[in-house]
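Residue strings, one per chain:
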Amino acid sequence: MTDSHTGSGQSADEPGTAPDTSYRALMWGPANFAGLPPGRLLVEGAVLGLGTVALVVGSGVAGVLTGPRLPVLVVGIVVALGTATYLFFTNAGRVLVAAVAVLGAVLSWWVPSATAEVVLAERGETRTVVVTEVHTHRYEGRDYVKNSCTVELLDGTPVHAPAWRTCTLSTRLGDHLSMVFDPDGAVDPTDRLLPGSAAEAAWRPAGLALLLAAICCVAVVRSQP
């Protein structure tokens, strides 16, 4: 007599299994294979993750060193959203797709400022500047007042970037302040506190970049039933 339940206990990782349409599969991906994922998925995930990171970081660095930042910021965000869209249409988990989009956008925004800090920490020179104008900024909603200063070098050369941190409420015209300059002029001078080294400036965004690549890889692996 044939058992009417034959095949009902078939495991999820056996051939012929119907696709997993559960809420968990929707959120995290339908992967149901046993053991290590197929090598092709790992390769595809690694290529997608590292390629996305390379384009986002590369465009941000190039924008700081060679041109205006806004266009490359847009490029980085477009790359991140493009990767997220690709993952969406390959049935990757929605949580992972959202994570790729958000982390990619954050990395795009972070890379230009981190690049400037790396440059100034590596080769920046501290120079004395003279205050030529003091601007008072009032934040009514927070009952807060902050000054910024227009400055020039001692030889009278105008500095296009204002001083903020060292321009206090007691700063007056003619006062001397210190700012850090890039000798090559690739990044704007600043009076902000800078990291002590290029490695210190880069490790946080580098960690975020690795996390983004890892999530891309996981999303690809889990997108395949």
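(A) Region of interest: the overall build of the protein chain. Looking only at helices and strands, one finds five helices and four strands in the protein chain. Of the regular secondary structure in the protein chain, the N- to C-terminal order runs α-α-α-α-β-β-β-β-α. Within the protein chain, buried positions represent 35% of all 225 residues. In the protein chain, once contacts between residues fewer than 6 apart in sequence are set aside, the share between residues at least 24 apart is 67%. Accessible surface for the protein chain amounts to roughly 13,000 Å². Of this, 63% is attributable to carbon and sulfur atoms.

(B) Main features of the side chain of Thr171. Mapping Thr171 onto the fold places it in the loop between strand 3 (158–163) and strand 4 (176–181). Its relative accessible area of 6% is what places Thr171 among the buried residues. Those residues in contact with Thr171, other than ones at most four positions away along the chain, are Val131, Val134, Cys149 and Thr166.

(C) Up close: the nonpolar core. Ranked by internal contacts, the top residues of the largest apolar core, which has 22 residues, are Leu87, Val100, Leu107 and Leu212. At the level of secondary structure, the elements contributing two or more residues to this core comprise helix 2 (39–66), helix 3 (69–89), helix 4 (94–123) and helix 5 (198–222). Sort the elements by how many residues they give to this core and helix 5 lands first, with eight residues. Ignoring sequence-local partners within four residues, the contact set of Val100 consists of Ala80, Thr83, Ala84, Leu87, Leu212, Ile215 and Cys216. Core analysis: the next-biggest nonpolar cluster, separate from the first, contains 11 residues, Val129, Val131, Leu177 and Phe181 among them.

(D) Geometry of the packing of helix 4 against helix 5. The N-to-C vectors of helix 4 and helix 5 enclose an angle of 160°; their axes lie 8 Å apart at closest approach. Between helix 4 and helix 5, the angle falls in the class roughly antiparallel. Crossing geometry of helix 4 relative to helix 5 is assigned as left-handed. Residues belonging to the contact of helix 4 with helix 5 are distributed by class as follows: 22 nonpolar, one polar and four charged.

(E) Region of interest: the packing of aromatic side chains. Taken as a whole and judged by the stated rule, the model has one aromatic pair. Seen in terms of ring centroids, Phe88 and Phe89 are 5.3 Å apart; in terms of plane orientation they differ by 90°. Their pairing is edge-to-face.

(F) Representation of helix 2. Compared with the 40 Å implied by 1.5 Å per residue over 28 residues, the 39 Å span of helix 2 between its first and last C-alpha is a close match. Inspection of helix 2 places Leu41, Gly45, Leu48, Gly49, Thr52, Val53, Val56, Ser59, Gly60, Gly63 and Val64 among the buried residues, and these make up the whole buried set.

(G) Broad picture of the sheet that holds strand 4. Taken in spatial order, the four strands make up an open sheet running 3-2-1-4, and their pairing is antiparallel. Two strands close off the open sheet at either side, each with one partner strand: strand 3 and strand 4. Sheet twist, expressed as the mean angle between neighbouring strand axes with direction ignored, is 40°. Across six bridges, strand 1 (residues 125–139) lies against strand 4 in antiparallel orientation. Note on strand 4: the bridge partner recorded for Glu125 is Phe181.

(H) Representation of the state of the cysteines within the structure. Considering all chains together, one arrives at one disulfide under this definition. Put simply, Cys149 and Cys167 are joined by a disulfide, and their sulfur atoms are 1.9 Å apart. The S-S bond linking Cys149 to Cys167 shows a torsion near 65°; that makes this disulfide right-handed. Taken together, the positions of Cys149 in strand 2 (residues 144–153) and Cys167 in the loop between strand 3 and strand 4 put the pair 18 residues apart, joining distant regions of the chain. In this pair, the class of Cys149 matches that of Cys167, namely buried.

(I) Structural view of the confidence of the model for the protein chain. Summary statistics for the protein chain give a mean pLDDT of 87 and a share of 88% for residues scoring 70 or more. Helix 1 (residues 23–28) is the least confidently modelled element of the protein chain, averaging 81 in pLDDT, while strand 4 averages 97, the highest of any element. Within the model, pLDDT remains below 50 along residues 1–17, and this stretch shows nine contacts once partners closer than five positions in the same chain are excluded.

Calculation notes
- Residues numbered from 1 in each chain as written.
- Predicted model: local features only at pLDDT ≥ 70, side-chain atom pairs only at ≥ 80, totals over all residues.
- Heavy atoms only, no water.
- Helix = DSSP H or I, 4+ residues; strand = E, 2+ residues; numbered from the N terminus.
- Buried < 20%, exposed > 50% of the residue type's maximum accessible area, 1.4 Å probe, protein only.
- Contact = heavy atoms within 4.5 Å.
- Areas by Shrake-Rupley, 256 points an atom, 1.4 Å probe, with all protein chains shown as cover.
- Core = buried A, V, L, I, M, F, W, Y, C linked by side-chain atoms within 4.5 Å.
- Axes fitted to C-alpha atoms, helices over the stretch in contact; angles between N-to-C directions.
- Parallel < 35°, antiparallel > 145°, perpendicular 65-115°, else oblique.
- Left-handed = near helix turned anticlockwise from the far one by under 90°.
- Nonpolar A, V, L, I, M, F, W, Y, C, P; charged D, E, K, R; others polar.
- Phe/Tyr/Trp six-rings, centres within 6.5 Å; stacked < 30°, edge-to-face > 60°.
- Expected span 1.5 Å × (residues − 1).
- Pairing = 2+ DSSP bridges.
- Disulfide = S-S within 2.5 Å.
- pLDDT = per-residue confidence, 0-100.

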